[in-house]
Amino acid sequence: MKPEMETELQGSFIELRKALFRLNVKDASLLSTAQALLRWHDAHQFCSRSGQPTKKNVAGSKRVCPSSKIIYYPQMAPVVITLVSDGTRCLLARQSSFPKGMYSALAGFCDIGETLEEAVQREVAEEVGLEVDRLQYSASQHWPFPNSSLMIACHAIVKPGQTEIQVNLRELEAAAWFSHDEVVAALKRDRPYAQQQDGTFPFWLPPKLAIAHQLIKEWVEKPTCPSLPA
Ligand SMILES: NC(=O)c1ccc[n+]([C@@H]2O[C@H](COP(=O)([O-])OP(=O)(O)OC[C@H]3O[C@@H](n4cnc5c(N)ncnc54)[C@H](O)[C@@H]3O)[C@@H](O)[C@H]2O)c1
């Protein structure tokens, strides 16, 4: 591990986020994995059955309770992230906690017992009131915020006639359809945080490090998803 990354590991959660955005994608992935493991060890120092201290193995890949013999392994929570399209536009949303002006794809934790397909359909229905089908897997990513998540990214198309968004304001601040040109322009914005003269912030997209960026870029390159079955 590079010395500057070891230093970053000592930092707080906010510092970690800043560090990740400064690094290239590969180093950021290493850093986020290391930080996630450190946080997991810190949060699993005691056995949930015996209450006794657990012991880390030499590799740091698990913890064992000498009393109950239970072995604890680091875990990741599966999260689906979906770029919904109607064939010509894509649907992006923002939470009030996002940086001003930033929109992303729809994301949500999988419920226990759900398939990925069911999780995508439930999350899209819950967040924007739309039914989707024709799912296409894109890629996956480890994501350290707030704890370790396995982001599973896919594209989906709304069912015919299903384009009216009903934003669930308990989960989102806003959601909207964006044209291809609007998304292309947003991807080119190099100083997204800059406030405009009228006090508003321009529409911008997650940085390259986030799998949301990759999903959006894929859609820009193939907006009609020709590889999806008709
Ligand atoms: N890498 C990316 O491009 C990208 C993009 C968007 C979201 N994300 C991540 O995806 C995750 C989910 O996104 P979101 O918008 O639903 O996040 P969120 O933080 O709004 O979480 C929604 C709710 O899920 C519940 N929750 C938290 N941890 C859980 C867990 N382990 N299992 C089940 N439920 C849990 C909580 O009640 C929380 O309020 C977040 O960790 C977010 O950081 C990553």
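Residues numbered from 1 in each chain as written. Predicted model: local features only at pLDDT ≥ 70, side-chain atom pairs only at ≥ 80, totals over all residues.

Re the site of the ligand
So, point 1. Looking at the ligand, there are 17 residues lining it, with A77, A107, F109, A210 and A212 nearest.
So, point 2. At the level of secondary structure, the elements contributing two or more residues to the shell around the ligand comprise β4 (77-85), β6 (106-109), β7 (132-143), β8 (149-158) and α6 (211-221).
So, point 3. Considered class by class, the residues forming the shell around the ligand number 13 nonpolar, 4 polar and no charged. (Near = placed C-beta within 6 Å. Helix = DSSP H or I, 4+ residues; strand = E, 2+ residues; numbered from the N terminus. Nonpolar A, V, L, I, M, F, W, Y, C, P; charged D, E, K, R; others polar.)

Quick notes on α6
So, point 1. Of the residues making up α6, those classed as buried are I211, A212, Q214, L215, I216 and W219.
So, point 2. Close packing links the buried residues of α6 with β4, β5 (90-94), β7, β8 and α5 (180-188). (Buried ≥ 20, exposed ≤ 12 C-beta atoms within 10 Å, placed from the backbone. Contact = placed C-beta atoms within 7 Å.)

What about the sheet that holds strand β3 (residues 71-72)?
To summarise the sheet geometry, strands pair through backbone hydrogen bonds and adopt either a parallel or an antiparallel arrangement.
So, point 1. Pairing within the open sheet is antiparallel, and its 3 strands lie in the order β1-β2-β3. If you trace the sheet from one side to the other, it starts and ends with β1 (55-56) and β3, each paired once.
So, point 2. Relative to β3, strand β2 (residues 63-64) runs antiparallel, the two being bridged by 2 bridges. Bridge pairing in β3 places V64 opposite I71. (Pairing = 2+ DSSP bridges.)

Observations concerning the confidence of the model for the protein
So, point 1. In the predicted model, the protein carries a mean pLDDT of 87, and the fraction of residues at 70 or more is 85%.
So, point 2. With pLDDT under 50 throughout, residues 5-11 is counted as low confidence; its partners more than four residues away or in other chains account for 12 contacts.
So, point 3. As scored by the predictor, the complex reaches a pTM of 0.86 and an ipTM of 0.92. (pLDDT = per-residue confidence, 0-100.)

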